[in-house]
Amino acid sequence: MRAGVRQLIAGNWKMNHGGTSGLELAEKCVAIARRAPAVDIVIAPPFTVLAAVAHECSAELGEPGPGANAVAIAGQNLHPGDSGAFTGEISGQMLRDAGCTWVIVGHSERRQLFGETDAQVAEKTRAALKAELAPIVCVGETLAERESGKTHEVVKRQVDAVLPALLSHGKTAVAIAYEPVWAIGTGKNAGPDEAEEIHAAIRDWLAVKSPELAAQIRILYGGSVKPSNAAELLAAPNVDGALIGGASLDAASFGEIARISAELASPRTTRPS
Ligand code: 13P
């Protein structure tokens with residue numbers, strides 16, 4: 001948590017809630033956002049419900065008034081091209097047309113299961129920004145890399161690959177999610193000190209090239225974030241939010257994490273709902 005920086009609480013639904021259950025969950029996320037006006041809430045549903053969820057969220061929100069807080073919608077992936085013969089792929093502009101303002105790029109599941117390289121992640125980050133989509137670029141080491149002392153080297157390589165693209169972000173928001181692969185879906189999270197060490201290192205690397213980017217970018221932690229560990233992780237000085245998988249599929253857990261973040265932002269004014 002950094003003074004004056006709104007935390008970003010993002011839910012990555014992965015390959016879940018692609019039908020009516022997604023609409024129901026989105027409706028609950030609007031209520032969650034309403035109760036946490038000090039926090040930015042982003043949800044990343046699967047492609048099949050993006051447009052419907054975006055419609056649902058803007059209809060639910062109604063007229064923006066005092067305390068109104070929108071739920072922003074993210075794609076989980078994009079193709080770097082604008083259009084063409086790429087069966088099964090989705091472009092940045094298509095995500096925009098569906099109502100997205102954010103997109104997750106380079107998730108470790110895409111890197112590991114679908115062979116995405118650093119170069120492709122950089123290309124996608126550039127394409128996202130071209131479409132005025134705010135990228136959440138995921139980085140993180142595997143267990144083997146951590147155990148062989150390569151965490152900093154691996155994460156720096158991944159950050160360096162997207163740095164030229166991030167430097168051209170203009171007015172579009174940007175975020176990096178540090179998601180140690182060994183912590184994703186395993187129930188084992190990095191401790192706040194472990195997360196802070198890498199988050200601070202990422203910010204330092206960025207600051208060498210651009211102090212402005214280092215100050216502006218939000219660095220999220222991801223990997224088994226849940227209500228029981230959110231407070232200590234979100235309180236770490238260089239943690240600007242969380243990218244949440246499993247716990248974002250349940251409105252009660254996601255809502256509790258958003259509440260914890262809001263409480264850190266304004267400890268005296270935010271009460272449990
Ligand atoms: P879990 O929260 O289920 O560990 O997933 C983290 C993640 O991959 C978010 O992108």
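Now for a look at the structure at hand. As the structure is a prediction and not an experimental result, all values here were calculated from the model. (Residues numbered from 1 in each chain as written. Predicted model: local features only at pLDDT ≥ 70, side-chain atom pairs only at ≥ 80, totals over all residues. Heavy atoms only, no water.)

**Looking at the packing of aromatic side chains**
Piece 1. Under the defined criterion, the tally for this structure stands at one aromatic pair.
Piece 2. Stacked on the ring of Phe114, the Lys or Arg Arg110 has its end atom at 4.2 Å from the ring centre. (Phe/Tyr/Trp six-rings, centres within 6.5 Å; stacked < 30°, edge-to-face > 60°. Lys NZ or Arg CZ within 6 Å of the ring centre and 35° of its normal.)

**As for unusual backbone geometry**
Piece 1. In the Ramachandran plot, Lys14 falls in the positive-phi region, its phi being about 50° despite a non-glycine side chain.
Piece 2. For Lys14, the location among the structural elements is in the loop between β1 (8–12) and α1 (20–35).
Piece 3. In this structure Lys14 comes out as partly exposed when scored by relative accessible area, which is 22%.
Piece 4. Positive phi outside glycine occurs at His17, with the angle close to 55°.
Piece 5. Note on placement: His17 falls in the loop between β1 and α1. (Helix = DSSP H or I, 4+ residues; strand = E, 2+ residues; numbered from the N terminus. Buried < 20%, exposed > 50% of the residue type's maximum accessible area, 1.4 Å probe, protein only.)

**Describing the pattern of salt bridges**
Piece 1. On inspection of all chains with the given rule, the structure shows 15 salt bridges.
Piece 2. Across the salt bridge formed by Arg111 and Asp118, the nearest N and O atoms sit 2.9 Å from each other. The pair Arg111 / Asp118 is uniform in exposure class, with both members buried.
Piece 3. Between Arg259 and Glu263 there is a salt bridge, and its shortest N-O distance comes to 3.4 Å. (Salt bridge = Lys/Arg side-chain N within 4 Å of Asp/Glu carboxyl O.)

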